[in-house]
Amino acid sequence: MERRKFIRKTSLASAALGLNAIIRPRAWSSGVSPNGTLNVGLIGCRNMGFGILEHHLSNPGVNCVALCDIDDAVLNNRASDIKKKYNQIPRLFKDFRKLLERKDIDAVIVGTPDHWHCLMTIFALQAGKHVYVEKPMANSIAECNLMVRAGRYYNKLVIQVGQQQRSAPIFRKTVELVSGGSTGKLRKINIWANFEYGAGSQIVPDEPVPPGIDFDMWLGPAPARSFNKSRFHGSWRHFWDYGGGLASDWGVHLLDIGLWVGAISSAPEKVLAYGGNTFHEPRSRETFDSMSVIYPYKDFVIHYDVTGGVQRGPAPWNMPYGLAVIGDNATITVDRNKLTVLPEWDNQAKKDRTAGYSFTEGKESHADHVKNFLACIRDGDKPACPPETGRAAALHVHIPNIAARTGEPVLIWDDSNNRFTNCEAANKLITPVYREPWSLPKY
Ligand SMILES: NC(=O)c1ccc[n+]([C@@H]2O[C@H](COP(=O)([O-])OP(=O)(O)OC[C@H]3O[C@@H](n4cnc5c(N)ncnc54)[C@H](O)[C@@H]3O)[C@@H](O)[C@H]2O)c1
């Protein structure tokens, strides 16, 4: 959507809510020299957040002015990486609220575990910062809703959700081919994710909190719990209070492409789901290592299949993860490396129904997604993955997870009233209970 229409649309949305955007971004936006600098702060530095920061720093005029992490070792190592590689000396913080108080920061990257995404994004918006927030956009339905509303309220600020495949040429090509008729009538989208780590980590005993770690701040709004390495750096994904398991970790990426291909931009109305633990040995996790999910749509169906603890992949195309977009005339198989059009055979005409095709351009899309974020800050455009798109993908994983947790195999979701119409136990899992002093903001 071109810029003027977007601004008009978002302003109308705010007006409809009786709200007005009150914060104006400081730099790099319209009216500021394109040669100006953009100052970035990173919250959550260990893994993905740092990768995203580096993609920012490979663009001219972007500076890292602040790093925040609750772990001294991570913080100091990353500060020294920034000094060595970019000759920049960021200020260091253990409390992200202090980082957000800095007036010299224009944009913030949120690279923490999922249970923090909502609060940090909203606090950053309140402080007038643009936000690049990692996926899944949030760890619950209610938090996703809040972030969409906050995004509309602060409509002059850009929020990019880290579903970077939205900026990948290979997935754009997939959408282009399907909408251009290459597959013929869309019938089915099969999506699968098989990863070793999805079985969960090895079981280890609880231990005292290691020195240099502010564990209370790591837990934040999540319930108080003892320290255990298998629920901490990296492996938190397998615990409901912090993440949604392999199903959500990869699901938001892959289902996002299924939704894009199928032109779906909202929550699913109906989900049939089974989740279970089928790995051969006990592991440290609460989430499911195996899931099968069906999303029925008007005239096609999405099927999502997840298996942790295996990686070669039971998929027929020898791809550990990917999508098969099945139409009357062809199937497109696609992952981050390769797109293939496999034509159907027309038995009467004795020829393929369409031409075969292969595309392998642009394997890495984080860099493009970050460039898109920066361009949107500069030009006031709508980003490739705004909160509405992040919410649609996130609800496509949170709803089946809720189905599997409650043991209710079919859930019916009423998006206008934000509730399940057939399961009260599921309604109880829409909104997380925040631990004091944290509370869900109101928008
Ligand atoms: N887009 C992608 O392809 C992709 C890939 C991997 C991870 N991710 C996402 O990135 C996020 C981080 O994942 P990860 O693998 O880097 O996790 P990680 O556990 O390796 O790193 C998270 C970091 O956040 C820090 N942190 C936690 N609470 C904090 C707080 N209150 N204040 C400051 N720092 C805090 C931790 O100490 C840690 O350094 C997740 O949301 C994940 O889903 C996205």
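Quantities reported herein were computed from a predicted structural model and do not represent experimental measurements.

K.L.:
How should I be thinking about the site of the ligand in this particular structure?
P.N.:
Taken together, 31 residues lie around the ligand, and Arg46, Asn47, Asp69, Asp114 and Lys135 are the ones closest in. Side-chain polar atom of arginine 237 to an oxygen atom of the ligand: 2.9 Å apart, as the coordinates give it. Between histidine 366 and the ligand, the recorded distance is 3.4 Å, taken from a side-chain N or O atom to an oxygen atom. Burial of the ligand by the protein chains amounts to 96% of its free accessible area of 850 Å². Those elements giving two or more residues to the shell around the ligand turn out to be helix H5 (117–126) and helix H8 (215–219). In the shell around the ligand, the residues fall into 13 nonpolar, eleven polar and seven charged.

K.L.:
How should the sheet that holds strand S11 (residues 321–327) be read in this particular structure?
P.N.:
Spatially, ten strands are ordered S16-S13-S12-S11-S7-S10-S9-S8-S17-S18 in an open sheet, and the strand pairing comes out mixed. Both outer strands of the open sheet, strand S16 (357–359) and strand S18 (419–420), are each paired with one neighbouring strand and no more. Of the strands in this sheet, strand S7 (186–195), strand S9 (290–296), strand S10 (301–308) and S11 are in contact with helix H10 (residues 251–261), which crosses S7 at around 170°.

K.L.:
Please clarify how the packing of aromatic side chains should be interpreted in this entry.
P.N.:
The description of an aromatic ring pair uses the distance of the two centres, along with the angle that the planes make with each other. The full count for this structure, using the stated rule, is 21 aromatic pairs. Ring plane angle 15° and centroid distance 6.0 Å describe the contact between phenylalanine 96 and phenylalanine 123, whose orientation is recorded as stacked. Taken together, the positions of phenylalanine 96 in helix H4 (residues 96–101) and phenylalanine 123 in helix H5 put the pair 27 residues apart, joining distant regions of the chain. Look at phenylalanine 123 and you get partly exposed, because its relative accessible area is 22%. Ring centres of phenylalanine 195 and tryptophan 250 lie 4.5 Å apart, and the angle between their planes is 20°; this geometry places the pair in the stacked category. Placement of phenylalanine 195 in strand S7 and of tryptophan 250 in the loop between helix H9 (245–249) and H10 is noted, with a sequence separation of 55 residues between them. Here phenylalanine 195 falls in the buried class, since its relative accessible area comes to 9%.

K.L.:
Can you walk me through the environment of asparagine 139 in this structure?
P.N.:
Looking at the element boundaries, asparagine 139 is found in the loop between strand S5 (130–133) and helix H6 (141–153). The sequence separation of asparagine 139 and arginine 225 amounts to 86 residues, and the corresponding C-alpha distance is 18 Å. Once you skip the residues sitting within four places of it in the chain, asparagine 139 turns out to touch Asp114, His115, Trp240, Asp241, Tyr242, Gly243, Gly244 and His398. Engagement of the side chain of asparagine 139 in a polar contact is seen with the backbone oxygen of tryptophan 240, the distance being 3.0 Å.

K.L.:
Can you help me understand H5 in this one?
P.N.:
Side chains of residues three or four places apart in an α-helix project in the same direction, reflecting 3.6 residues per turn. The buried count for H5 comes to eight of ten residues, which makes it a mostly enclosed element. Taken as a whole, H5 has its buried residues at His117, Cys118, Leu119, Met120, Thr121, Ile122, Ala124 and Leu125. If you follow the buried residues of H5, they end up packed against strand S1 (38–43), H4, strand S4 (107–110), S5, H6 and strand S6 (159–161). Phi turns positive, to about 85°, at glycine 128, one or two residues after H5.

K.L.:
Explain the side chain of asparagine 228 here, please?
P.N.:
For asparagine 228, the location among the structural elements is in the loop between H8 and H9. Engagement of the side chain of asparagine 228 in a polar contact is seen with the side chain of aspartate 206, the distance being 2.8 Å. The contacts of asparagine 228, once residues within four sequence positions are left out, are Val204, Pro205 and Asp206.

K.L.:
Explanation requested: the pattern of salt bridges in the structure shown.
P.N.:
Side chains carrying opposite charge are able to pair once their charged atoms draw close together. Evaluated as defined, the whole model comprises 22 salt bridges. For aspartate 95, the salt bridge is made with arginine 97, and the minimal N-O distance between the two is 2.9 Å. A relative accessible area of 22% places aspartate 95 in the partly exposed class. Its relative accessible area of 36% is what places arginine 97 among the partly exposed residues. Notably, a salt bridge pairs arginine 225 with glutamate 286, separated by 2.9 Å at the nearest N-O pair. In this pair, arginine 225 is assigned in the loop between H8 and H9 and glutamate 286 in the loop between strand S8 (270–276) and S9, connecting sequence segments 61 residues apart. By sharing partners, the salt bridges in this structure join Lys135, Arg237 and Asp249 into a single network.

K.L.:
What is the right way to look at the sheet that holds S4 in this model?
P.N.:
What holds strands together in a sheet is hydrogen bonding between their backbones, with the strands either parallel or antiparallel. Spatially, six strands are ordered S3-S2-S1-S4-S5-S6 in an open sheet, and the strand pairing comes out parallel. In this open sheet, the two strands that pair with only one neighbour each are strand S3 (91–93) and S6. Averaged over all neighbouring strand pairs, the angle between strand axes comes to 20°, with direction disregarded. Sheet topology note: the S4/S5 ladder contains four bridges and is parallel. Each residue of the ladder has a partner; that of isoleucine 109, found in S5, is tyrosine 132.

K.L.:
Looking at this structure, how should I read the packing of H10 against helix H12 (residues 387–406)?
P.N.:
Running from N to C, H10 and H12 cross one another at 110°; their axes reach a closest spacing of 9 Å. Put simply, H10 runs roughly perpendicular to H12. Between H10 and H12 the crossing geometry is right-handed. Along its contact with H10, which presents Gly251, Val252, Leu255, Asp256 and Leu259, the element H12 presents Thr389, Ala392, Ala393, Ala394, His396 and Val397. Each residue belonging to the contact of H10 with H12 can be placed in one class, and the counts come to seven nonpolar, three polar and one charged.

K.L.:
Whenever I open this one, unusual backbone geometry confuses me. Can you help?
P.N.:
A negative phi holds for most residues other than glycine; trans holds for most peptide bonds. In this structure, proline 136 follows lysine 135 across a cis peptide bond, with omega equal to -20°. Position of proline 136 relative to the elements: it lies in the loop between S5 and H6. Here alanine 263, not a glycine, exhibits a phi torsion of approximately 55°, which is positive. Residue class for alanine 263 comes out exposed when judged on its relative accessible area of 70%. You will see that lysine 350, though not glycine, has its phi angle at about 55°, which is positive. Relative to the assigned elements, lysine 350 resides in the loop between strand S14 (345–346) and strand S15 (351–352).

The rules behind the values
Residues numbered from 1 in each chain as written. Predicted model: local features only at pLDDT ≥ 70, side-chain atom pairs only at ≥ 80, totals over all residues. Heavy atoms only, no water. Near = heavy atom within 4 Å. Polar contact = N/O pair within 3.5 Å; in protein donor to acceptor, adjacent residues only side chain to side chain. Areas by Shrake-Rupley, 256 points an atom, 1.4 Å probe, with all protein chains shown as cover. Helix = DSSP H or I, 4+ residues; strand = E, 2+ residues; numbered from the N terminus. Nonpolar A, V, L, I, M, F, W, Y, C, P; charged D, E, K, R; others polar. Pairing = 2+ DSSP bridges. Contact = heavy atoms within 4.5 Å. Axes fitted to C-alpha atoms, helices over the stretch in contact; angles between N-to-C directions. Phe/Tyr/Trp six-rings, centres within 6.5 Å; stacked < 30°, edge-to-face > 60°. Buried < 20%, exposed > 50% of the residue type's maximum accessible area, 1.4 Å probe, protein only. Salt bridge = Lys/Arg side-chain N within 4 Å of Asp/Glu carboxyl O. Parallel < 35°, antiparallel > 145°, perpendicular 65-115°, else oblique. Left-handed = near helix turned anticlockwise from the far one by under 90°.

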